[in-house]
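Okay, here's what each chain looks like letter by letter:
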Amino acid sequence: MFMVCASIAFAQPKSPEQTFGFKMGADHKLVKWPQIVAYFHALAGSSNKVKIIEAGKSSNGNPMIVAVISSPENLARLDHYREVSQRLANPRGLNADEAERLIADEKLLVAISCSIHASEIAATQLSMELAYDLATNDTTQIRRILDQDVILLWPSHNPDGNITVVDWYNRNVGTKYENAPLPWLYHKYVGHDNNRDWFMLNLDETKVVTKFYFKEWFPPVLYDIHQMGRNGARLFVPPFRDPLNPNIHPLIWRGINLLGTHMAEAEEEAGHSGVAQNILYTSWWEGNSLQQPWFHNMVSVLTEAASPNVASPVTQKLSELTGNTPGLPEYTLRENFSHPWPGGTWRLRDVVEYEYTAAMAVLDTAARYREEFLRNFYNMGREEIRMGELEPPYAYVVPLTQRDPNTAVKMINLLIDQGAEVQRANVDFTADGVTYPKGSYVLLMAQPFRPFVKDIMEPQHYPDIRAFPGGPPIPPYDVAGWTLPLQMGVASVAVKKRFDASLSPVTRAEPPSPEIAQGGAKTGAFLLGHERNDSLIAVNQLMKSGYDVYWSQAAFTNGAKQFAPGTIIIPSHGARQAQVKSIAQSLSLPLAAADRSLNVAAYKLKPLRLALYNPWGGNMDEGWTRLMLERFEFPYEEIRPADVGSGNFARRFDVVVFADQQPASILEGIPADRIQSEYSGGIGQEGLDHLRDFVRNGGTLIALGNASGLFLKSWGLPLVDAVAGLKTTDFFCPGSILDVRVDNSHPAGFGMPEKASGFFARSSAFEIRPSTFAPGGQARTIVTYAGDHVLQSGWILGESHLYDRAAAVDVSMEKGHLILFGFRVQNRAQPHGTFKLFFNSLYYGPAELSQLHPGPD
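These numbers were taken from a predicted model, which means no experiment stands behind them. (Residues numbered from 1 in each chain as written. Predicted model: local features only at pLDDT ≥ 70, side-chain atom pairs only at ≥ 80, totals over all residues. Heavy atoms only, no water.)

**Q** Lay out helix α8 (residues 159–172) in plain terms, naming residues and giving numbers.
**A** Given a rise of 1.5 Å per residue, 14 residues ought to cover 20 Å, and the 20 Å separating the end C-alpha atoms of α8 matches this to within 8%. The buried fraction of α8 amounts to 10 of the 14 residues, a majority that puts the element mostly inside the structure. Among the residues of α8, P159, D160, G161, N162, I163, V165, V166, W168, Y169 and N172 are the ones counted as buried. Residues of α8 that are buried sit in contact with α2 (33–45), β3 (63–69), α6 (122–136) and α9 (204–217). Two residues or fewer past α8, G174 is found with a positive phi of approximately 85°. (Helix = DSSP H or I, 4+ residues; strand = E, 2+ residues; numbered from the N terminus. Expected span 1.5 Å × (residues − 1). Buried < 20%, exposed > 50% of the residue type's maximum accessible area, 1.4 Å probe, protein only. Contact = heavy atoms within 4.5 Å.)

Structure below.
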């Protein structure tokens, strides 16, 4: 249920300027989220054209509101219009005549989303001015908009970030640190990467908006408002750049071009120079708030405006403007940039006015072409169903038997949460000559959101696009490949021929009921498999409760059953058996019992004393890592540069993790002339020396991604990054999924399959070389890139540079371990299939190898 707030008696609404004492976008002035929310509630209380919906809560518990704006007559029938939009989105059983009758009466739902990136703050300020004008002005244009559209205005997709940015700016405005960067992320976990979560739904905010769009309201038109750098165009409006994702219905591109043309025309009519089209932003990926709607047959556009320094003006000479690459390599008159901005002072108010003009153009174009947008929305859904019936793949099957059934269920629920239709087999069935057991999941392609299902399940094949023939590659905007089953380590099969099966729809998938051993007097220990990621949650819960937990060093037999290396062993007697069984049951983990004859070599885990390095300035990869640690219940503490520089961390922790970050940034941090002294600087050479001593004395240091380079270069390791420094014409891999091989006899690889998929994004490939490495030191490969055909999804040039090179290495340094992950083992909390490599590494270093024999009480 939505909370809808409206008043019956209407006073004269106050403008934002009357309310706050300044025009929205005024120099050095900002309105913070609690005041924004209060303003919208006041506006709804004084206007019969505005209602407020609280759609959910943010990560920090702030309300995420939607202002529904339309004519009073339309708002009185709001539930009806939402229901019709739902019917048009899923047109099964809706014939063309009935659809036309609905379209003639329906109003067009248009969503506008503001400032998902909180530092791109103009749109949150704009939202109040836009809402006020729509509620109070009586122009021909606004009457047309309110009559034909129902506007769903999100003043912010990131309320927590607005609070963070406004507080920091207000603290510094008028001081020498007015333009200082934030010392932390503007989201609880991931900062700017909050707009990279739109098929994984890790964040509370993404879950709220996704449910609103794809499960409840189904707006056929959306406008997403952003800001960009300021060295080129003042505003980007669509169309977007090649390549076009082939799974998107062509009517989406036509709708985008229609809106983009009217937006650009409106900006020109308003005297707004510096508007560019067809720059920077490609049409390939589905991981953000702009593009995910395309895969749900919704026409979505965005603008990107040049940014001032938050609310502080900037002055730019024409000679300082360099353009936007790709698309505008030089700041000069050209076909997609027909009226260059001449330079001058650029203010937040300028951004507000440009974005206001674009928003009104979207709303007015939507109103003028209401029937066409609605008809296309209906027809796209109907045609996608038909295409799924006529051409392969006809379905994707997720077999019941999985190495990690719990993760397979998580994947299925992710698809359901994004509007995919999922079925489950009532009996065994055969497709393409393969028999699948009862309980297997089936995603039939004959469904309205077929573009989403097909795109998320199949490998991507990004085209080789160059700046010129033989020239450097032009990278995609963000990543080239994201295939969900590969990332999550879930087996799935595309069905190429028609088949028959008895299927039932699934609204929520549940893990299979586990087989739980009863234990008893003869039981010496319980045994958990290491294959499921959730087994690490069990380990953490057991360790927290004071249990001894072991991982078997090698495979072993007990009670005529074979158990794999890394089997989790929990000695348990008497009353303590009950909690072990309860934990396994709650996590859907099969639990076996070992008799008292068990006698194996095993690693005894130590209670985890884990430090996660968090630099000043924030690190998105650190935030994603933090989110994962919390989700899987790993205890941890954050440490800052001063903790490392002083060496104080070494007494408190056994394991230190550095998330992906450039080596120079780790060492140097934020320059002292840019920010207050307490937030400046990095770990420095002294901190690097303390870290080396920490490892030599028995600690474990884990470096993820680019952080590995700091230790490669500084510690004289017997390793080199074999792809570092190669020209992009020789080697290039922008965000793709690669074939890797895992040594699952190494403790970091326990529970992993020998063949897996790893996410590579300008990552590393290690080559072990002889050196004058310290006595007692050695390097052991944990993960290796495949020896041929390494690409699974995305784009790679020069892949032979990776063949048989190490992707993850365990370097022994006297008493401790340095574990280097060259690829993105936990990228954006998406590749569940490689999470375990990271999780295992946390416990591996401090663990003690011993002979385990539970014996009698």
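**Q** Talk me through the pattern of salt bridges; I want residue IDs and the actual numbers.
**A** Scanning the model with the defined rule gives 39 salt bridges in all. Linking K32 and D167 is a salt bridge whose minimum nitrogen-to-oxygen distance equals 2.8 Å. Pair noted here: K32 is in the loop between α1 (16–20) and α2 and D167 is in helix α8, with a separation of 135 residues, a long-range link. The exposure class assigned to K32 is partly exposed, which follows from its relative accessible area of 24%. You can call D167 partly exposed: its relative accessible area is 36%. When salt bridges with common partners are traced through the structure, they connect E100, R370, E371 and R375 into a single cluster. (Salt bridge = Lys/Arg side-chain N within 4 Å of Asp/Glu carboxyl O.)

**Q** Residue-level account of the nonpolar core, with values.
**A** Soluble globular proteins tend to bury their nonpolar side chains together. Counting residues in each nonpolar core, the largest one holds 172 residues, and the members touching the most others are I112 and L134. Considering every element that reaches this core, the biggest residue donor is helix α11 (residues 348–368), with 12 residues. Those residues in contact with I112 that lie beyond four places of it in its chain are L130, I151, L152, L153, W154, Y223, I225, A359 and L363. Grouped together as the second largest cluster of nonpolar side chains are 73 residues, L536, V549, A765 and Y843 included. (Core = buried A, V, L, I, M, F, W, Y, C linked by side-chain atoms within 4.5 Å.)

**Q** Explain the environment of K438 to me, using residue names and the numbers behind them.
**A** Looking at the secondary structure, you find K438 in the loop between β17 (434–436) and β18 (441–444). Note: C-alpha distance between K438 and D428 (10 residues apart in sequence) is 4.5 Å. Residues within four places of K438 in sequence aside, it is in contact with L400, A425, N426, V427 and D428.

**Q** Tell me about the sheet that holds strand β14 (residues 395–398), residues and numbers included.
**A** Ordered in space as β19-β14-β18-β15-β20, the five strands form an open sheet in which the pairing is antiparallel. For this open sheet the edge positions go to β19 (493–495) and β20 (503–506), each flanked by a neighbour on one side alone. For this sheet the average axis-to-axis angle between neighbouring strands, irrespective of direction, equals 35°. Two elements, β14 and β18, share four bridges in a ladder whose sense is antiparallel. Counted as the bridge partner of V398 is Y441 from β18. Across the sheet, helix α13 (residues 405–417) is in contact with β14, β15 (422–425), β18 and β20; its angle to β18 comes to roughly 30°. (Pairing = 2+ DSSP bridges. Axes fitted to C-alpha atoms, helices over the stretch in contact; angles between N-to-C directions.)

**Q** Give me the lowdown on unusual backbone geometry, citing residues and values where you can.
**A** The omega angle of the peptide bond from P238 to P239 is 15°, so this bond is cis rather than trans. Of note, P239 is situated in the loop between β7 (235–237) and β8 (241–244). Following P392, the chain continues to P393 via a peptide bond in cis, the omega torsion being -5°. Relative to the helices and strands, P393 is located in the loop between α12 (370–390) and β14. Of note, the phi angle at E633 is positive, near 65°, even though the residue is not glycine. What makes E633 partly exposed here is its relative accessible area of 39%.

**Q** Break down empty space enclosed by the protein for me, with residues and values.
**A** The method is simple in principle: a probe with the dimensions of a water molecule rolls over the atoms, and the space it marks as empty is what remains. Going through the model one piece at a time under the given rule, you end up with four cavities of 30 Å³ or more. In this structure, the largest cavity is lined by P399, L400, Q402, P405, A408, V409, R424, G439, Y441, E510 and P512. It is α13 that contributes the most residues to the lining of the largest cavity, three residues altogether. A breakdown of the residues in the lining of the largest cavity according to their chemical character gives seven nonpolar, two polar and two charged. (1 Å grid on protein atoms, 1.4 Å probe; cavity = no way out; pocket = protein on both sides within 12 Å on 5 of 7 lines; lining within 4 Å. Points joined across faces, edges and corners; volume = space filled by probe spheres on them. Nonpolar A, V, L, I, M, F, W, Y, C, P; charged D, E, K, R; others polar.)

**Q** Which residues make up the side chain of R196, and what values do they have?
**A** Relative to the assigned elements, R196 resides in the loop between α8 and α9. Overall, the relative accessible area of 7% leaves R196 in the buried class. Filtering out sequence-adjacent residues up to four positions away, R196 remains in contact with H117, W285, G287, Y477, D478, R828 and Q830.

**Q** I'd like a rundown of the side chain of H746, residues and numbers included.
**A** Turning to its location among the elements, H746 is positioned in the loop between β33 (736–742) and β34 (755–760). Within the local environment of H746, its side chain forms a polar contact with the backbone nitrogen of A748, the two atoms lying 2.9 Å apart. At 2.9 Å, the side chain of H746 forms a polar contact with the side chain of D810. In this structure, H746 is in contact with R780, I782, D810 and Y844, ignoring residues within four places of it in sequence. (Polar contact = N/O pair within 3.5 Å; in protein donor to acceptor, adjacent residues only side chain to side chain.)

**Q** Describe in detail the sheet that holds strand β22 (residues 550–552), supporting the description with residues and values.
**A** A sheet is described by the order of its strands in space; here six strands give the open sequence β26-β21-β25-β22-β27-β40, paired in antiparallel fashion. Only two strands of the sheet have a single partner each, and these edge strands are β26 (591–595) and β40 (848–852). Here the strands of the sheet are splayed against their neighbours by 40° on average, with no regard to which way each runs. As defined by bridge partners, strand β21 (residues 523–528) adjoins strand β25 (residues 568–571) across four bridges and the pair is classed as antiparallel. Looking across to β25, one finds that A525 is bridged to P571. In the packing of helix α16 (residues 535–544) onto the sheet, the strands contacted are β21, β22 and β25, and the crossing angle to β25 comes to about 30°.

**Q** So what's going on with the layout of surface pockets? Residues and values would help.
**A** Empty space within the largest pocket amounts to approximately 740 Å³. Along the walls of the largest pocket sit 28 residues, with S119, P181, L182, Y186 and V310 positioned nearest its centre. Its residues assigned to classes, the lining of the largest pocket shows 13 nonpolar, 11 polar and four charged. Empty space within the second largest pocket amounts to approximately 580 Å³. As for the second largest pocket, its lining consists of 25 residues, and the residues nearest its centre are K207, K410, N413, L414 and R508.

**Q** An account of the packing of helix α4 (residues 78–89) against α12 is requested, with residue identities and associated values reported.
**A** The N-to-C vectors of α4 and α12 enclose an angle of 45°; their axes lie 7 Å apart at closest approach. One finds that α4 runs oblique with respect to α12. Seen from α4, the contacting residues are S85, L88 and A89; seen from α12, they are L374, F377 and Y378. (Parallel < 35°, antiparallel > 145°, perpendicular 65-115°, else oblique.)

**Q** Account for the confidence of the model for the protein, with residues named and values stated.
**A** Residues with a pLDDT of 70 or more make up 98% of the protein, whose mean pLDDT is 96. The low-confidence segment residues 1–7, where pLDDT is below 50, has 20 contacts with residues more than four positions distant or belonging to other chains. (pLDDT = per-residue confidence, 0-100.)

**Q** Give me the packing of aromatic side chains: which residues, what numbers.
**A** A full pass over the atoms with the stated rule returns 45 aromatic pairs. Between W154 and F212, the ring centres sit 5.0 Å apart and the planes meet at 75°, which makes this aromatic pair edge-to-face. Of the two residues, W154 is situated in strand β5 (residues 149–154) and F212 in helix α9; the sequence distance between them amounts to 58 residues. The class of W154 is buried, set by a relative accessible area of 0%. Classification of F212 as buried rests on a relative accessible area of 1%. A cation sits over an aromatic face here: R234 above W346, 4.9 Å from the ring centre. For R640, the ring lying beneath its charged end belongs to W616, and the centroid distance is 3.8 Å. (Phe/Tyr/Trp six-rings, centres within 6.5 Å; stacked < 30°, edge-to-face > 60°. Lys NZ or Arg CZ within 6 Å of the ring centre and 35° of its normal.)

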